[in-house]
Amino acid sequence: MKFMKLGARPDTFFSPSDSARSVYTGVATDLQILVGNCLYHLHKFPLLSKCLLLQALCAEPGCGDGDVIELAGFPGGAEAFEACAKFCYGITITVSARNLVPLRCAAAHLGMSEAADRGNLAAKLDSFLASCLLRRWKDALAVLHSTRHGAPLCEELGLTSRCVDAVAVLIASPAASMPAKSTSASPWWAHDVAELGVDMFWRIMVAVKSTGAVHEKTVGDALKAYARRWLPNVAKDAEQPFDDAAIAADDSVKQVTTRHRLLLEKIVSLLPVDKDAVSCAFLLKLLKAANILSASAASKAELVRRVAWQLEEASVSDLLIPSVSCVNDMLYDVDAVAAILDEFALRHAAATAQPAQPPAGSPDDDSPARSGGHRRSRSDESVGFDGARRSSSAAPVSQFALARVGRLVDAFLIEVAKDPKLPVDKLLAIAEAVPDSARPEHDGLYKVVDSYLKAHPEMSKSARKRLCRALNCRKLSEKACSHAAQNELLPLRVVVQVLFSEHARAAALSGGPVASDSDLPSNIKALLSSKSAGSEDDDADRVDEQRLRVLASGASPGDDWSVEGLRRAASKIATLRMKMEEDQDDDDEFVRKAGLSRSASLRFRAFCAIPAANPKRMLSKLWPLARSITADRH
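Quick caveat, the model's predicted, so the values are computed rather than measured.

Caption draft 1: The arrangement of the nonpolar core in detail. Formed by 161 residues in total, the largest nonpolar core has its most connected members in Phe81 and Leu311. Apart from residues no more than four positions distant in its own chain, Leu311 is found in contact with Cys280, Leu319, Ile340, Leu341, Phe344, Arg347, Val405 and Leu408.

Okay, structure coming up:
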């Protein structure tokens, strides 16, 4: 650490008593000055020649040689005043980064400027600060730290702003002295800057961004380091919220929350424009903290917008935001996730409407990191940020990102569906907020429905039907269809749709004609129509469901419903259908017997609707059918 010595005479100050200080010169003192609890016995000539304040006070009427001049509220206290007095006597004093600020404030208060005497203390301190201390990283930070004491006077003298600008220049300068080893992925300067108070940190980061010489990813890493240092919800081992405003024993929880809220909102206001400057996980941690601290609506909205901008990078644990609402007892804040998905849908819609608009962070944008390295004004930076916000909403969304978001939302819903307090409307709002193209298959959504039905066994029939409307049975995989066909929690209509969809898939795999809704047997259609009309009797519903399953399968409930069984049955059915068509073309007499033919056809369709895989059972069903056809022909 650099230091400067002023004066050449030895120190002759002494203490005649516990609360008094004097100087030995061989001449009687004629000036008494009270600073705090210490009374100084000094001489007028050396002090008045360099201090305009003392000149004015001694010139006031009624001020005699025996009067005591009291300097109430003296900046820096008795220690700073004694150093200034020693300078006036020519006694050697040492100036360093630790005591420069209180000395400079004391010199300004006493009026030790060039107007009082050439080469006065204030000018020497300013010269040392500019030529030495502000050019070295550790010294500049030490001076900046000390400005928190007597902050109003430091601001008035310009000390704080000079230190902030100097630190920003050192950060942005490629020739800045870097430590030999870096212990983290954060920038080399982030750890030191993280020890500053939130106001000072905010000013430095604004100054750093305005230089245009620091990449925004570096700025984002510094913000993460600062948040980990002071926000307890972001760091696992956070200590106390501020260095210069440490929480006293009598501080209330409300005061602590207010300080944390201020810190959070400052960090949000400093978030870089570039999409990849900060991770989505970090943004969601900030959003969790914003919920806990009741941050401003503007800060929450900005975080929601930024998360939606890079939602495909999130994980399920990131989206599980604890609920702090007193209105409901839900475990997680699903409203925040719904707001994120609404913003994501707007982003997707904007990208679809304006596919040619370049995304933020391209070489054509006005981000500080690509502004040619010149210093930009704060207003220009604000305009550039607003422009980047507008362009970010129209950033293109790839199909890979859409599918990733779809899987993310389904996995999130599987977790929150286990909450017994979650209303079905909120679940559906999140499930339906994802674009259709984000879900190539609905297996994840089926797991959501299944988990919700298991966690809410008391659901009414209408609520279960409303929940299952979000499910597209045609997008279920074979494994999901096999599970859904045996799921007793699903509504009857959904089970039939799943079975019919699996039958259509099996028919398509066997090369036969693809089934349609009109191919359903008439007895199943009748049951479905009666179910859609509504039934108030739960016992009757269960009986109808059992009848439907038996009629649809044409066999006992113990048949093999596996996918392979469906494929084998579909192949046999296709062969039998072809033989029947050939026999029908050859024999006109069989056609004339319409009643019996229709009866056989109905029996055949009842079997074909849900084929069984057991060969013995299939033959037992086909044998009476073939026997009746032969009897008709003869």
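Next comes the rest of the description.
Caption draft 2: Structural detail: the pairing of strand E4 (residues 31-35). Burial runs high along E4: 4 of the 5 residues are buried. As defined by bridge partners, E4 adjoins strand E5 (residues 38-42) across 5 bridges and the pair is classed as antiparallel. Bridge pairing links Val35 to Cys38 in E5. Joining the antiparallel neighbours E4 and E5 is a turn of 2 residues, in which Gly36 adopts a positive phi near 65°.

Caption draft 3: Highlighting the sheet that holds strand E2 (residues 13-17). Read from one edge to the other, the open sheet built from 5 strands follows the order E2-E3-E5-E4-E6, with strand pairing classed as mixed. Edge positions in the sheet fall to E2 and strand E6 (68-70), since each has one partner strand and no second. Sheet twist, expressed as the mean angle between neighbouring strand axes with direction ignored, is 30°. Here 3 bridges tie E4 to E6, and the two strands are oriented parallel to one another. Of the residues in E6, the one forming a bridge with Gln32 is Val68.

Caption draft 4: How the structure looks around the packing of helix H11 (residues 216-230) against helix H12 (residues 253-269). Where H11 meets H12, the closest approach of the two axes is 11 Å, and the angle between their N-to-C directions is 170°. As judged from the angle between their axes, H11 and H12 are roughly antiparallel. Two secondary-structure elements touch here, H11 through Leu223, Tyr226, Ala227 and Trp230 and H12 through His260, Leu263 and Ile267.

Caption draft 5: Structural detail: the pairing of E2. Relative to strand E3 (residues 20-23), E2 runs antiparallel, the two sharing 3 bridges. Bridged to Phe14 within E3 is Ser22. Connecting the antiparallel pair E2 and E3 is a turn made up of 2 residues.

Caption draft 6: Molecular detail of the environment of Tyr452. Counting through the fold element by element, Tyr452 comes out in helix H20 (residues 443-455). Accessibility expressed as a relative area gives 3% for Tyr452, which makes it buried. Residues Tyr452 and Pro423 lie 29 residues apart in sequence; the distance between their C-alpha atoms is 9.9 Å. In terms of polar contacts, Tyr452 uses its side chain to reach the backbone amide nitrogen of Val424, at 3.0 Å.

Caption draft 7: Quick look at the environment of Ala190. Along the chain, the position of Ala190 falls in helix H9 (residues 190-193). Judged by relative accessible area, Ala190 falls into the buried class, the value being 2%. Distance from Ala190 to Val219, taken between C-alpha atoms, is 9.0 Å for residues 29 residues apart in sequence.

Caption draft 8: Spatial organisation of the packing of helix H10 (residues 198-211) against H12. The contact between H10 and H12 brings their axes to 10 Å, and the two run at 5°. With respect to each other, H10 and H12 are oriented roughly parallel. Contacts between H10 and H12 involve Val198, Asp199 and Trp202 from the former and Leu262, Leu263, Lys266 and Ser269 from the latter. Of the residues that constitute the contact of H10 with H12, the class distribution is 4 nonpolar, 1 polar and 2 charged.

Caption draft 9: Structural view of the packing of aromatic side chains. One pass over the structure, following the stated rule, counts 5 aromatic pairs. Arranged with centres 5.6 Å apart and planes meeting at 90°, the rings of Phe74 and Phe81 form a pair that is edge-to-face. Counting every residue linked through ring pairs, the aromatic cluster contains Tyr40, Phe74 and Phe81. Here Lys86 stacks its cationic end above the ring of Phe13, 5.8 Å away from the centre of that ring. Between the NZ or CZ atom of Lys266 and the centre of the ring of Trp202, over which it lies, the distance is 4.5 Å.

Caption draft 10: Representation of the pattern of salt bridges within the structure. According to the stated counting rule, one finds 19 salt bridges in the structure shown. A salt bridge links Arg203 to Glu155; its shortest N-O distance comes to 2.5 Å. Taken as a pair, Arg203 in helix H10 and Glu155 in helix H7 (residues 151-157) lie far apart in primary sequence, 48 residues in all. The salt bridge involving Lys224 is made with Asp221; its shortest N-O contact spans 3.5 Å. Residue Lys224 and its partner Asp221 are located together in helix H11, separated by 3 residues, close to a single helical turn. Residue Lys224 is classed as buried on the basis of its relative accessible area, which comes to 17%. Look at the salt bridges and you will find they share partners, linking Asp11, Arg21, Glu82 and Lys86 into a network.

Caption draft 11: Main features of the environment of Leu57. When you line up the elements, Leu57 lands in helix H2 (residues 52-58). Each C-alpha atom, one on Leu57 and one on Glu70, is 9.8 Å from the other, the two residues being 13 residues apart in sequence. Setting aside anything within four residues of it in sequence, one finds Leu57 in contact with Cys63, Ile69 and Leu71.

Caption draft 12: Inspection of the confidence of the model for the protein chain at higher detail. Within the protein chain, residue pLDDT values average 78, and 68% of them lie at 70 or more. Within the model, pLDDT remains below 50 along residues 551-564, and this stretch shows 31 contacts once partners closer than five positions in the same chain are excluded. Within the model, pLDDT remains below 50 along residues 586-634, and this stretch shows 68 contacts once partners closer than five positions in the same chain are excluded.

About the criteria used
- Residues numbered from 1 in each chain as written.
- Predicted model: local features only at pLDDT ≥ 70, side-chain atom pairs only at ≥ 80, totals over all residues.
- Heavy atoms only, no water.
- Core = buried A, V, L, I, M, F, W, Y, C linked by side-chain atoms within 4.5 Å.
- Buried < 20%, exposed > 50% of the residue type's maximum accessible area, 1.4 Å probe, protein only.
- Contact = heavy atoms within 4.5 Å.
- Helix = DSSP H or I, 4+ residues; strand = E, 2+ residues; numbered from the N terminus.
- Pairing = 2+ DSSP bridges.
- Axes fitted to C-alpha atoms, helices over the stretch in contact; angles between N-to-C directions.
- Parallel < 35°, antiparallel > 145°, perpendicular 65-115°, else oblique.
- Polar contact = N/O pair within 3.5 Å; in protein donor to acceptor, adjacent residues only side chain to side chain.
- Nonpolar A, V, L, I, M, F, W, Y, C, P; charged D, E, K, R; others polar.
- Phe/Tyr/Trp six-rings, centres within 6.5 Å; stacked < 30°, edge-to-face > 60°.
- Lys NZ or Arg CZ within 6 Å of the ring centre and 35° of its normal.
- Salt bridge = Lys/Arg side-chain N within 4 Å of Asp/Glu carboxyl O.
- pLDDT = per-residue confidence, 0-100.

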